[in-house]
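A closer look at the structure
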Amino acid sequence: MILYELENLRRMAYVRAVMSDYVVGYIGMKIPIEIFHALGLMAVPVYGIDREILKFSREEKLCPLVDATITYAKTDKCPLIHSAKMIVIDDTCDLMRGKMSGLQGKCIHFYDNDRENLIAVIEEVYGRKFQAENLSSVQKELERIHSRVKSLTNDEVQSFILEYYVNFLDLPERMNFLDTLQGKEIRLSHEFVETIYRCPECGGKFLREG
């Protein structure tokens, strides 16, 4: 299993996203994504990790992570951002927040550890009612997935890469996909997260803790 094979997971997510009215994008690892899944939304990370998009950038002196994300958003070249009615951003990077705040045609929500407010905004945007009883099973499944990812990889960086791509699968499909990797050699390049580690604003803070 190598990087370009995982790219297929994101490409398949592009197709599902453009056919869905219930896509929510998120940026940052502090966001309680279990809330999105409990509401039956298609939750996908939308921060930019592709340096190729930077040739379309009109920004100056931005770190690659912020620059790629805002360029994807402004040029409308990312199907996930295009399809998301709402993008939720945590407090990891003030620069990311500032640049994304002016994005037109999207509900941009800054998450500051207020779960109740987040739920209220999501209910309004998507017209769905949050059912608290759905949350426990979703949280347990996300914990199982995270633990399995760590057991399949050799270090924090490779765990981040694998889990990043697994997040493009629907929640019920993730463990099945990870089961297919058991016993296989996983070779994932650290160059993938170079933009995140080199970011002068947020450093490695976009990596999930734990």
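Predicted model only: the values in this text are computed from it and were never measured.

1. Looking at the sheet that holds strand β4 (residues 107–110)
Paired through backbone hydrogen bonds, the strands of a sheet run either parallel or antiparallel to each other. Taken in spatial order, the four strands of this open sheet run β2-β1-β3-β4, and their pairing is parallel. Lying at the two open borders of the sheet, with one neighbouring strand each, are β2 (42–45) and β4. On average, adjacent strands in this sheet sit at an angle of 25° to one another, irrespective of strand direction. Here four bridges tie strand β1 (residues 23–27) to strand β3 (residues 86–89), and the two strands are oriented parallel to one another. Residue pairing across strands places isoleucine 27 opposite isoleucine 89, the latter belonging to β3.

2. Digging into a nonpolar patch on the surface
A cluster of nonpolar side chains, contributed by Val15, Val18 and Met19, occupies part of the molecular surface with about 320 Å² of accessible area. Mapped onto the elements, methionine 19 comes out in the loop between α1 (3–18) and β1.

3. Examining helix α7 (residues 135–152)
For an α-helix the count is 3.6 residues per turn, leaving residues at separations of three or four pointing the same way. Relative to the 26 Å expected for 18 residues at 1.5 Å per residue, α7 spans 26 Å between its end C-alpha atoms, a close match to the ideal helical length. Along α7, the residues classified as buried are Leu135, Val138, Glu141, Leu142, Ile145, His146, Val149 and Leu152. Buried residues of α7 fall within an arc of 135° about the axis and therefore sit on the same side. Facing away from the buried side of α7 by over 90 degrees, the exposed positions are Lys140 and Ser151. On the buried face of α7, the contacting elements are α2 (33–38), α6 (115–126), α8 (156–166) and α9 (171–179).

4. Overview of the nonpolar core
Ranked by internal contacts, the top residues of the largest apolar core, which has 71 residues, are Phe36, Ile87, Met100, Ile122, Leu162 and Leu178. With seven residues, the single largest contributor to this core is α8. In this structure, isoleucine 122 is in contact with Ile35, Phe36, Leu39, Leu41, Met86 and Gly127, ignoring residues within four places of it in sequence.

5. Notes on the packing of α7 against α9
In the contact formed by α7 and α9, the axes pass within 10 Å of each other and the chain directions differ by 25°. Considering their axes alone, α7 and α9 lie roughly parallel with respect to each other. For the pair α7 and α9, the sense of crossing is left-handed. Mapping the contact onto sequence places Val138, Glu141, Leu142, Arg144, Ile145, Arg148, Val149 and Leu152 in α7 and Leu171, Arg174, Met175, Leu178 and Asp179 in α9.

6. Considering the pairing of β2
The two faces of β2 match: Met42 and Val44 on one face and Ala43 and Pro45 on the other face are all buried. Relative to β2, β1 runs parallel, the two sharing four bridges. Pairing of tyrosine 26 across the sheet is with proline 45, part of β2. Read from β1 through α2 to β2, the crossover connection turns out right-handed.

What counts as what
- Residues numbered from 1 in each chain as written.
- Predicted model: local features only at pLDDT ≥ 70, side-chain atom pairs only at ≥ 80, totals over all residues.
- Heavy atoms only, no water.
- Pairing = 2+ DSSP bridges.
- Helix = DSSP H or I, 4+ residues; strand = E, 2+ residues; numbered from the N terminus.
- Axes fitted to C-alpha atoms, helices over the stretch in contact; angles between N-to-C directions.
- Patch = residues over 30% accessible without salt bridge, like charges linked within 9 Å, V, L, I, M, F, W, Y side chains within 5 Å.
- Areas by Shrake-Rupley, 256 points an atom, 1.4 Å probe, with all protein chains shown as cover.
- Salt bridge = Lys/Arg side-chain N within 4 Å of Asp/Glu carboxyl O.
- Expected span 1.5 Å × (residues − 1).
- Buried < 20%, exposed > 50% of the residue type's maximum accessible area, 1.4 Å probe, protein only.
- Arc of directions from axis to C-beta.
- Contact = heavy atoms within 4.5 Å.
- Core = buried A, V, L, I, M, F, W, Y, C linked by side-chain atoms within 4.5 Å.
- Parallel < 35°, antiparallel > 145°, perpendicular 65-115°, else oblique.
- Left-handed = near helix turned anticlockwise from the far one by under 90°.
- Right-handed = clockwise from strand over helix to strand, strands pointing away.

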